[in-house]
Amino acid sequence: MDLTFTEEQEMMRKMVRDFAKDEIVPAVEQMEKEDRFPIEIIRKMGELGLMGIPIPEEYGGTGMDYTSYIIAINEISKASAGVGVILSVHTSVGTNPILKFGSEEQKKKYIPKLASGEYIGAFALTEPGAGSDAANIKTKARLEGDDYILNGSKLFITNGIAANTFITFARTGEGNKGISAFIIERDTLGLSIGKAEKKMGLHGTGTVTLSFDNCKVPKGQLLGEVGEGFKIAMANLNFGRIGIAAQALGVAEAAFEHAVDYAKEREQFGKPIAHNQGISFKLADLATQIEAAKLLIYRAVDLAERNLPHSKEASMAKMYASNTAMKTAIEAVQIYGGYGYTEDYPVERFFREAKVTQIYEGTNEIQHIVIAKNLLN
Ligand code: CAA
């Protein structure tokens, strides 16, 4: 496996890094304070082709590879893990399911709008009683004439405050083979979108509840076959988890860069604190773990790129990168000391951002299950 990035991939990195510096960094404080979905940033990302990086040009995407897409999430997340997850959810689980499982008509109708950023995509699987146990969802879809009637509710739907389409999973039968997927448009009658959750971090990502009250969805909105929903969810989560790993890597790298700069500049006992092994060995350990996370991520992307099974590798990358992000953020706060505990320095934000990467798109306990099942089956 060649871990050298191509010229095109490096150009993507530079372009996204510049964009993050010019457009995202200046907006982070406001996004944090006002907890507002950064629609202007998303529209600009659309203009640059960032909302459809791995989507083929024939459907209005940029037509680049998965590696370029993962690089973009990684770079954006260094500036804002919130904007990083908006992009990841929109692409990996908001658009990709239509590309992989949609009919030609559905692809033509939705993908160009999603890939250009005119539409924002969301993924509605989790329910109040079914998070980790995703096959236990209770939202029902009953066929009545030419429509499905949906009843139930969804929870923690990232992007939901602004999303135009929701890849929604509902029960059409028993067990995990009795789940079907639907593309549901925002203004569908019977769909209500709740207020955004007040979260520890990732402010502005518009995480909402959805209520379906006799929500009438035309039969043509079924994605894939009846009963294929769980498979669609799992297949896209496999890829989505690499995006979350890249987001976590971005948080880890940002926290690390701040910790190194501060350790070199902060003097105590007449010398920079970095000159103490208590600090420099910590930094050496973190640098090693960040490098290992990177290798796991690009190993998983390489498999996805070649259309090979990557569920185990994606779970390993997500679990390891998110744990590395958390550990790096904790140590960055420690290195900053009392200053790190204030809102005047970004390390407290990295601390809050890192935590959720160990939770969503499958908790790290679920990643253990996925890895173990792959090893033992
Ligand atoms: N890839 C492909 N197929 C998979 C799979 C995977 N990762 N995991 C399970 N499957 C398949 C199995 O092969 C099996 O297929 P067959 O029936 O054909 O043999 C079928 O699915 C059922 O498998 P299990 O019996 O293992 O299913 P389970 O009910 O025990 O659950 C689970 C498996 C891994 C725990 C799954 O429920 C899971 O991934 N849970 C976590 C849910 C999750 O990640 N939610 C994230 C929500 S989205 C989000 O967070 C977005 C955001 O905001 C950032």
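Being a predicted model, the structure only gives us computed values, none of them experimental. (Residues numbered from 1 in each chain as written. Predicted model: local features only at pLDDT ≥ 70, side-chain atom pairs only at ≥ 80, totals over all residues.)

Turning our eyes to something else, we now look at the site of the ligand. Around the ligand sit 23 residues in total, of which Ala-135, Thr-158, Met-234, Tyr-360 and Gly-362 are the nearest. Elements supplying a minimum of two residues to the shell around the ligand: helix H4 (81-93), helix H7 (229-265) and helix H11 (364-376). The element best represented in the shell around the ligand is H7, accounting for 5 residues. (Near = placed C-beta within 6 Å. Helix = DSSP H or I, 4+ residues; strand = E, 2+ residues; numbered from the N terminus.)

Another point: the nonpolar core. In this structure, Ile-242, Ile-297 and Ala-329 are the most contacted members of the largest nonpolar core, which totals 120 residues. It is H7 that contributes the most residues to this core, 19 residues altogether. When neighbours within four sequence positions are excluded, Ile-242 is seen to be in contact with Ile-70, Ile-297, Ala-300, Val-301, Ala-304, Ala-314 and Ala-317. (Core = buried A, V, L, I, M, F, W, Y, C linked by C-beta atoms within 7 Å. Buried ≥ 20, exposed ≤ 12 C-beta atoms within 10 Å, placed from the backbone. Contact = placed C-beta atoms within 7 Å.)

In the predicted model, the protein chain carries a mean pLDDT of 97, and 99% of its residues have values of at least 70. Across the whole predicted complex the pTM is 0.97, and at the interface the ipTM reaches 0.96. (pLDDT = per-residue confidence, 0-100.)

Although it is not a glycine, Asp-35 adopts a positive phi angle of roughly 55 degrees. Topologically, Asp-35 is positioned in the loop between helix H1 (7-34) and helix H2 (39-47). At Glu-361, a residue that is not glycine, the phi angle is positive and equals roughly 50 degrees. For Glu-361, the position within the fold is in the loop between helix H10 (347-357) and H11. On the basis of neighbour count, Glu-361 is assigned to the buried category, with 30 C-beta atoms found within 10 Å.

It is worth spelling out the UniProt feature "domain: Acyl-CoA dehydrogenase/oxidase N-terminal" (unreviewed entry) in the protein chain at this point. Within the UniProt annotation, "domain: Acyl-CoA dehydrogenase/oxidase N-terminal" (unreviewed entry) is assigned to residues 6-118. Along residues 6-118 the backbone is 73% helical and 0% strand, and the end-to-end C-alpha distance reaches 29 Å. (UniProt positions renumbered as here; feature names shortened; annotations may be inferred.)

A separate point is the packing of H7 against helix H8 (residues 277-305). The axes of two packed helices give the description: the angle between them and the distance between them. The interhelical angle for the contact between H7 and H8, taken along N-to-C directions, is 155 degrees, at an axis separation of 10 Å. As judged from the angle between their axes, H7 and H8 are roughly antiparallel. The handedness of the crossing between H7 and H8 is left-handed. For the pair H7 and H8, the contacting residues are Phe-239, Ile-242, Ala-245, Ala-246, Leu-249, Ala-252, Glu-253, Phe-256, Ala-259, Val-260 and Ala-263 in the first and Ile-279, Leu-283, Leu-286, Ala-287, Ile-290, Ala-293, Lys-294, Ile-297, Ala-300, Val-301 and Ala-304 in the second. Split into classes, the residues belonging to the contact of H7 with H8 amount to 20 nonpolar, no polar and 2 charged. (Axes fitted to C-alpha atoms, helices over the stretch in contact; angles between N-to-C directions. Parallel < 35°, antiparallel > 145°, perpendicular 65-115°, else oblique. Left-handed = near helix turned anticlockwise from the far one by under 90°. Nonpolar A, V, L, I, M, F, W, Y, C, P; charged D, E, K, R; others polar.)

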